[in-house]
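A closer look at the structure
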Amino acid sequence: MKTGRRVAVTGMGAVTPVGTGLDRFWEGLVAGRNGIARVSHFDSSAFSSQMAAEVRDFEPERWIDRKSAGRMDRFTQFAVAASEMALADAGLAEARPPPERTGVIIGSGIGGSAAIESGAALLRAKGPRGLDPFFVTRVLVNMAACAVSIRRGFKGPISAPSVACSTGANAIGDAFRIIERGEADVMLAGASEAAITPLSYGGFCATRSMSRRNDRPEKASRPFDKHRDGFVMGEGAGIVVLEEMNRAICRKARIYAEMAGYGNVADAFHLTAPEPSGDGMVRAMRAALEDAGLAPDEVGYVNAHGTSTDLNDKIESAAIGRTFGEQARRLKISSTKSMIGHLLSAAGAVECIATVLSVHRGVVPPTINYEEPDPDCPWDYVTGGAEAVDLRAAISNSFGFGGGNVCLAIKSYRS
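Overview of the structure. All residue numbers here refer to positions counted from 1 along the written sequence of the relevant chain. Totals for whole chains, interfaces and linings use every residue, but because this is a predicted model, local features are given only for residues with pLDDT of at least 70 and side-chain atom pairs only at 80 or more, for both listing and counting. By convention in this description, side-chain values take in all heavy atoms of the structure and omit both hydrogens and water.

Okay, the packing of helix α1 (residues 22-31) against helix α13 (residues 347-361) next. Packed helix pairs are characterised by how far apart their axes lie and by the angle those axes make with each other. Between N-to-C directions, angles cover 0 to 180 degrees, with each direction set by a line fitted to C-alpha atoms, over the stretch in contact for helices. By definition, any uninterrupted DSSP run of H or I lasting at least four residues is a helix, any uninterrupted run of E lasting at least two residues is a strand, and each is numbered from the N terminus. Orientation of α1 relative to α13, taken along the N-to-C sense of each, is 80°, at an axis distance of 11 Å. Considering the angle they form, α1 stands roughly perpendicular to α13. Note on element contacts: α13 touches α1 through V350, I353, A354, L357, S358 and R361, opposite L22, D23, F25, W26 and L29. Note on residue classes: Ala, Val, Leu, Ile, Met, Phe, Trp, Tyr, Cys and Pro are nonpolar, Asp, Glu, Lys and Arg are charged, and everything else, Gly too, is polar. Along the lines of polarity and charge, the residues of the contact of α1 with α13 split into 8 nonpolar, 1 polar and 2 charged. Note on terminology: angles under 35 degrees are roughly parallel, angles over 145 are roughly antiparallel, angles of 65 to 115 are roughly perpendicular, and the others are oblique. Contact criterion: two residues are considered in contact whenever any of their non-hydrogen atoms come within 4.5 Å of each other.

For the rest of this paragraph, the subject is a nonpolar patch on the surface. A contiguous nonpolar patch, built from L122, L123 and L131 and spanning about 210 Å² of accessible area, is present on the exposed surface. Its place among the elements puts L123 in helix α4 (residues 113-126). By definition, no residue in a patch forms a salt bridge, and every one has over 30% relative accessible area; like charges are joined within 9 Å, nonpolar side chains (Val, Leu, Ile, Met, Phe, Trp, Tyr) within 5 Å. For the accessible areas, the method is Shrake-Rupley and the probe is 1.4 Å, while residue cover comes only from the protein chains on display. Put simply, a salt bridge is a Lys or Arg side-chain nitrogen that is within 4 Å of an Asp or Glu carboxyl oxygen.

For any pair of aromatic rings, the description consists of the separation of the ring centres together with the inter-plane angle of the planes. Ring pairs shown here join Phe, Tyr and Trp side chains whose ring centres sit within 6.5 Å, with only the six-membered ring taken for Trp; geometry is labelled stacked below 30 degrees between planes, edge-to-face above 60, and tilted in between. Counted by the stated rule, this structure contains 9 aromatic pairs. Relative to Y381, the ring of Y370 lies with its centre 6.2 Å away and its plane at 40°, an arrangement referred to as tilted. Taken together, the residues span a long stretch of sequence, with Y370 in the loop between β12 (363-364) and β13 (387-388) and Y381 in the loop between β12 and β13 at a distance of 11 residues. Residue burial is assigned from relative accessible area. The probe radius is 1.4 Å, only protein chains are included, and a residue is buried under 20% of its type maximum, exposed over 50%, and partly exposed in between. Under the relative-accessibility criterion, Y381 is labelled buried at 2%. Each residue in the set F42, F47 and Y201 is aromatic and connected to the rest through ring pairs, giving one cluster.

If you look at the biggest cluster of nonpolar residues, it comprises 50 residues, and the most contacted ones within it are M12, I172, L242 and M259. Looking at this core, the element that brings in the most residues is α13, giving 9 residues. For M12, the contacting residues outside a window of four places in its chain are L22, M85, A86, D89, I239, V240, Y256, I353, V356 and L357. Residues belong to one nonpolar core when they are buried, are Ala, Val, Leu, Ile, Met, Phe, Trp, Tyr or Cys, and are joined through side-chain atoms within 4.5 Å. Counting 31 residues, the second-largest nonpolar core is a separate cluster that includes W63, A81, A82 and M85.

On to the side chain of N369. Relative to the elements of secondary structure, N369 occurs in the loop between β12 and β13. Throughout this description, a polar contact denotes any pair of N or O atoms lying within 3.5 Å of each other; where both atoms belong to protein, one of them has to be capable of donating a hydrogen while the other can accept it, and for residues adjacent in sequence the pair is counted only when both atoms sit in side chains. From its side chain, N369 meets the backbone oxygen of E218 in a polar contact 3.0 Å long. When sequence neighbours within four positions are dropped, the list of residues in contact with N369 reads E218, K219, A220, S221, R222, D225 and S338.

The next point concerns the pairing of strand β1 (residues 7-16). Most of β1 sits inside the fold, with 10 of its 10 residues counted as buried. Two strands form a pair only when DSSP identifies at least two bridges running between them. Taken together, the 3 bridges between β1 and strand β9 (residues 257-266) define a ladder with antiparallel strand orientation. Opposite V9, over in β9, you have A257 as the bridge partner. Both β1 and strand β8 (residues 236-244) contribute to a ladder of 8 bridges, which runs antiparallel. Residue pairing across strands places M12 opposite V240, the latter belonging to β8. Taking the residues that link successive antiparallel strands as the turn, the β1-strand β2 (residues 19-20) hairpin has 2 residues.

A separate point is the pattern of salt bridges. Side-chain pairs of opposite charge can arise where the charged atoms are in close proximity. Applying the stated criterion to the full structure yields 31 salt bridges. Residue R228 pairs with D313 through a salt bridge whose shortest N-O separation is 3.4 Å. Residue R228 is found in the loop between α8 (198-206) and β8, and its partner D313 is found in helix α11 (residues 310-324); the two are separated by 85 residues along the sequence. The two residues R228 and D313 agree in class, both being buried. As a salt-bridge pair, D374 and R228 come within 2.9 Å of each other at their nearest N and O atoms. You can see D374 sitting in the loop between β12 and β13 and its partner R228 sitting in the loop between α8 and β8, a full 146 residues away along the chain. Salt bridges here are not isolated pairs; linked through shared partners, they connect R228, D310, D313, K314 and D374.

For A164, which is not a glycine, the phi torsion comes out positive at approximately 55°. A positive phi angle, near 60°, is found at K252, a position not held by glycine. Here K252 shows up in the loop between α9 (245-250) and β9. The exposure class assigned to K252 is exposed, which follows from its relative accessible area of 74%.

Take the environment of P161 next. By secondary structure assignment, the location of P161 is in the loop between β6 (158-159) and α7 (167-181). Sequence separation between P161 and I105 is 56 residues; the distance between their C-alpha atoms is 7.6 Å. In contact with P161, other than residues within four places in its own chain, are I105, I106, G107, S108, V141, T167 and A171.

Right, let's talk about the environment of R251 for a bit. Looking at where R251 falls in the secondary structure, it is placed in the loop between α9 and β9. Between the C-alpha atoms of R251 and G91, which are 160 residues apart in sequence, the distance is 9.7 Å. Residues within four places of R251 in sequence aside, it is in contact with T10, A90, G91, L92 and E243. A distance of 2.7 Å separates the side chain of R251 from the side chain of E243, its partner in a polar contact.

Burial within helix α6 (residues 143-152) is extensive, with 8 of its 10 residues counted as buried. At the exit of α6 stands G153, carrying a positive phi of roughly 70°.

Following this line, the structure appears as structure tokens:
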């Protein structure tokens, strides 16, 4: 039940394959910049897929002292950096919000992937004495949220969801609910992933869901295109600052948009495949629209999950058609995964940021690498470059292994 408490987005931070920092991330999207290349983190020559969307400009010491950074896995470093960016962007880096009324929800799908693999190697080589006391805290999924909470002294609600590829959207939606219910006034929310390591990467290769277009990595991620052949793994983090609307207005914060609706439902169908009818996707989108008080014709843009896999893209396209009816033909739809790859758990958070910026700035980023239409994907996927669109509202879709379906509804804010 709605309480009357509205929620503003007042800050955002991003670590992505097309740039670290909000401005570089957005500039990369609008320019249609490709962030995918051959894997450089390890030798991928023996793998069926050999490309990834890696973060190549990240320097943890810009946000974290060297000693602390050395005790963190890369996914935690990403999360701390993105959180610091988001707080600064919100004007809360120095003017800190009341700690008991400020919480942190930062999820991850795999957590400390690199720490797990290096720890296992040390155990085999040196036995138990080869492991250091920080092994466990490098691995645990909740360490990103805890590191931010400890660093900033935030004592409100804290959690670390792990819901596969919908994790980031789940975290933001759950934080939105917490503010709506009056349990906190400010929440940092999002997700972080750094799983481009041999074991995790190889595991996804074994699912046969990754692209094998190794001869042209820059063309591999091609959502909704007829010749798509799988997703490209990415890494990164996205964090938003959500704030109770009246508080944001009273302190004269810049309000990017209003977080207005959250749909979260399960397929209850399969460990990896989406339910063929797209029923869960439809129910998630409808729930978010109803929660936000939006009619389908008030939505102008869908930031699609758009993984570049055969099943996701055609089922999501059909679900958009069922949700919006005839209005689906006038929607602008795009998948930023065409540029940044699939950031796994962090995808929903980074894509939510892209959606908020689209609403705030009136620009929809493109879907790159789209060359031949697929009859099963019949909508306007914004394939000719970024487009200027006056948006009243938009939605961001996230769907994960195991059947999680999440949709976030975002409204424009005009003071």
